[in-house]
Amino acid sequence: MAMSRRAELVAQLLDALRRTNALSVAMSQGAAERIGVNTTDLHCLNLLSDGPLTASELARRAGITTASVTGVIDRLEAVGYVRRERDRVDRRKVVVTLQTQEAAQVIGPVFAPFVRAWRGALDDYTDEQLELIAGFLDRTEEVFQSEVGRMRAE
């Protein structure tokens, strides 16, 4: 029995997501090598670009143990990409803050060509199409978050 047009499109999209994810992992590995950190360290830098996090929150979001995150923070602090600071509200808490300028000097040039290429790739889309794509990516992120949570809970 032939697949419906919709089933074909869904299969095509799922396959494209799988391939894109594999390329994303390869790109992260290549970028981490150029920056001089490992992929877990780069992943944590990416998470910290959204704002300061406690070590335990960073560990949870990165999917690593709190023991492992201590090593990550030590390495990133040694090269000047992050700083441990006392929480302004709860002085007992320590938050990890991305040193934006220091990190941007090294990381920016690695990702700038990629960002330029993406901007160029998006030029041909209408505002309405970009809204649709942004909505799809928001849903994709929600699915990933939900599935990561489910995997960790099992």
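Shown above is the structure to which this text applies.
This one's a predicted model, so the numbers in the text were calculated from it and none came from an experiment.

1. Considering the pattern of salt bridges
Following the criterion strictly, the structure yields eleven salt bridges and no others. The shortest N-O distance in the salt bridge between Arg19 and Asp15 comes to 2.6 Å. Highlighted residues: Arg19 and Asp15, both in helix α1 (residues 5-35), separated by four residues, approximately one helical turn. Judged by relative accessible area, Arg19 falls into the partly exposed class, the value being 42%. When the shortest N-O distance is used, the salt bridge between Glu57 and Arg61 registers 2.7 Å. Of the two residues, Glu57 and Arg61 are both situated in helix α3 (residues 55-62); the distance of four residues between them amounts to about one turn of the helix. The exposure class of Arg61 is partly exposed, given its relative accessible area of 39%. What emerges from the salt-bridge pattern is a single network uniting Asp15, Arg18 and Arg19.

2. Here we look at the side chain of Thr97
With respect to the helices, strands and loops of the structure, Thr97 is situated in strand β3 (residues 94-98). Since its relative accessible area comes to 15%, Thr97 is described here as buried. A distance of 2.9 Å separates a polar atom in the side chain of Thr97 from a polar atom in the side chain of Glu85.

3. Some remarks on the sheet that holds strand β2 (residues 82-86)
Taken in spatial order, the three strands of this open sheet run β1-β3-β2, and their pairing is antiparallel. Strands with a single pairing partner mark the edges of an open sheet, and in this sheet they are β1 (53-54) and β2. With respect to the sheet, helix α2 (residues 39-48) is in contact with β1, β2 and β3, its orientation differing from that of β3 by roughly 95°.

4. A short note on the nonpolar core
Core analysis: the largest hydrophobic core is formed by 24 residues, its most contacted members being Leu58, Leu76, Tyr81 and Val82. Sorting the residues of this core by element identifies α1, α2, α3, α4 (66-78), β3 and α5 (100-122) as the ones contributing at least two each. Element by element, the count of residues in this core is highest for α2, at five residues. With sequence-adjacent residues up to four places away left out, Leu58 is seen in contact with Cys44, Leu47, Leu48, Leu53, Val69 and Ile73.

5. Re a nonpolar patch on the surface
There is a patch of nonpolar side chains on the surface, built from Val10, Leu13, Leu14, Leu17, Phe136 and Leu137 and spanning about 520 Å² of accessible area. Those elements that place two or more of their residues in the nonpolar patch are α1 and α6 (127-153). Of the residues forming the nonpolar patch, the biggest block, four residues, is contributed by α1. Note that Val10 resides in helix α1. Given a relative accessible area of 39%, Val10 falls into the partly exposed group.

6. A few points about the pairing of β3
In terms of residue burial, β3 counts as a mostly covered element, since four of its five residues are buried. Here β2 runs beside β3; their pairing, made up of five bridges, is antiparallel. Residue pairing across strands places Val82 opposite Leu98, the latter belonging to β3.

What counts, and at which threshold
Residues numbered from 1 in each chain as written. Predicted model: local features only at pLDDT ≥ 70, side-chain atom pairs only at ≥ 80, totals over all residues. Heavy atoms only, no water. Salt bridge = Lys/Arg side-chain N within 4 Å of Asp/Glu carboxyl O. Helix = DSSP H or I, 4+ residues; strand = E, 2+ residues; numbered from the N terminus. Buried < 20%, exposed > 50% of the residue type's maximum accessible area, 1.4 Å probe, protein only. Polar contact = N/O pair within 3.5 Å; in protein donor to acceptor, adjacent residues only side chain to side chain. Pairing = 2+ DSSP bridges. Contact = heavy atoms within 4.5 Å. Axes fitted to C-alpha atoms, helices over the stretch in contact; angles between N-to-C directions. Core = buried A, V, L, I, M, F, W, Y, C linked by side-chain atoms within 4.5 Å. Patch = residues over 30% accessible without salt bridge, like charges linked within 9 Å, V, L, I, M, F, W, Y side chains within 5 Å. Areas by Shrake-Rupley, 256 points an atom, 1.4 Å probe, with all protein chains shown as cover.

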